[in-house]
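Descriptive structure summary
Residues per chain, in single letters:
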Amino acid sequence: MIEITEGYSIFIDRDGVINKRIVGDYVKSVDEFEFLAGVLDAFAILSKLFSRIFVVTNQQGIGKGLMAIEQLNDIHNFMTDRIVKNGGRIDKIYFCPELKTSNSVMRKPSVGMALEARSDFPDVVFTKSVMVGDMCSDMLFGYRLGMLTAYVGNQSKITESDTFINHKFSDLLAFAKQIKKQ
């Protein structure tokens, strides 16, 4: 059980946590976007527990010229609409279109997207936040800011040296069911 108090924020990675990751490729259209099982129910639960809900996602498919920002916006509008229709919410989506080789401060595991969220929402306190993701870069992003970290997905990707992971779950719904608000 993970206990949180009033005013907690949650940062959630997209590919592999909210939607099915396309291995070796990118989700480039709404037609390729597939919610993972239980995600819509998870957002309905999380929306009652967290003051702020953010999606933070690296999207280097844009930097590679494989898709345009307009396509990404269409995907995010579709995703948000479905989540809202199922009783959930997302306060804002942050994304980094730059290539991994750019070393952009906006690209996870760098913390630029979180700093932008705090600038947009001054009530965000990183030590009262949780980062949920399926990659070690997501966990390092949260760890660097003093967030509680929750890894979801394939546990075989985790090594013993991943000391910046606080909790592990099979998926977002399993995580959501383990949150208790005091």
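Check the entry above for the structure.
Report follows, based on the coordinates. Note that the structure is a prediction, hence the values are computed from the model and not measured.

Describing the sheet that holds strand 4 (residues 92-96)
Strand order in the open sheet formed by 6 strands is 4-3-2-5-6-7, and the pairing between neighbours is parallel. Only two strands of the sheet have a single partner each, and these edge strands are strand 4 and strand 7 (167-169). With strand direction ignored, the average angle separating the axes of adjacent strands in the sheet is 20 degrees. Two elements, strand 2 (residues 9-12) and strand 3 (residues 52-58), share 4 bridges in a ladder whose sense is parallel.

Description of the layout of surface pockets
In this structure, the largest pocket occupies an estimated 480 Å³ of space. Residue lining of the largest pocket: 19 residues in total, with Arg21, Tyr26, Asn58, Arg107 and Met135 positioned closest to the centre. Broken down by secondary-structure element, the contributors of at least two residues to the lining of the largest pocket are strand 3 and helix 5 (136-144). Along the lines of polarity and charge, the residues of the lining of the largest pocket split into 6 nonpolar, 5 polar and 8 charged.

Focus: the nonpolar core
If you look at the biggest cluster of nonpolar residues, it comprises 37 residues, and the most contacted ones within it are Phe50 and Phe175. A per-element tally of this core places helix 1 (residues 39-49) first, with 6 residues. Once residues within four sequence positions are removed from consideration, Phe175 is found in contact with Ile2, Ile10, Leu46, Val130, Val132, Ala150, Val152 and Phe169. Phe11, Phe54, Val56 and Ala117 belong to the second-largest nonpolar core, a separate cluster that totals 20 residues.

Rules behind the numbers
- Residues numbered from 1 in each chain as written.
- Predicted model: local features only at pLDDT ≥ 70, side-chain atom pairs only at ≥ 80, totals over all residues.
- Heavy atoms only, no water.
- Pairing = 2+ DSSP bridges.
- Helix = DSSP H or I, 4+ residues; strand = E, 2+ residues; numbered from the N terminus.
- Axes fitted to C-alpha atoms, helices over the stretch in contact; angles between N-to-C directions.
- 1 Å grid on protein atoms, 1.4 Å probe; cavity = no way out; pocket = protein on both sides within 12 Å on 5 of 7 lines; lining within 4 Å.
- Points joined across faces, edges and corners; volume = space filled by probe spheres on them.
- Nonpolar A, V, L, I, M, F, W, Y, C, P; charged D, E, K, R; others polar.
- Core = buried A, V, L, I, M, F, W, Y, C linked by side-chain atoms within 4.5 Å.
- Buried < 20%, exposed > 50% of the residue type's maximum accessible area, 1.4 Å probe, protein only.
- Contact = heavy atoms within 4.5 Å.

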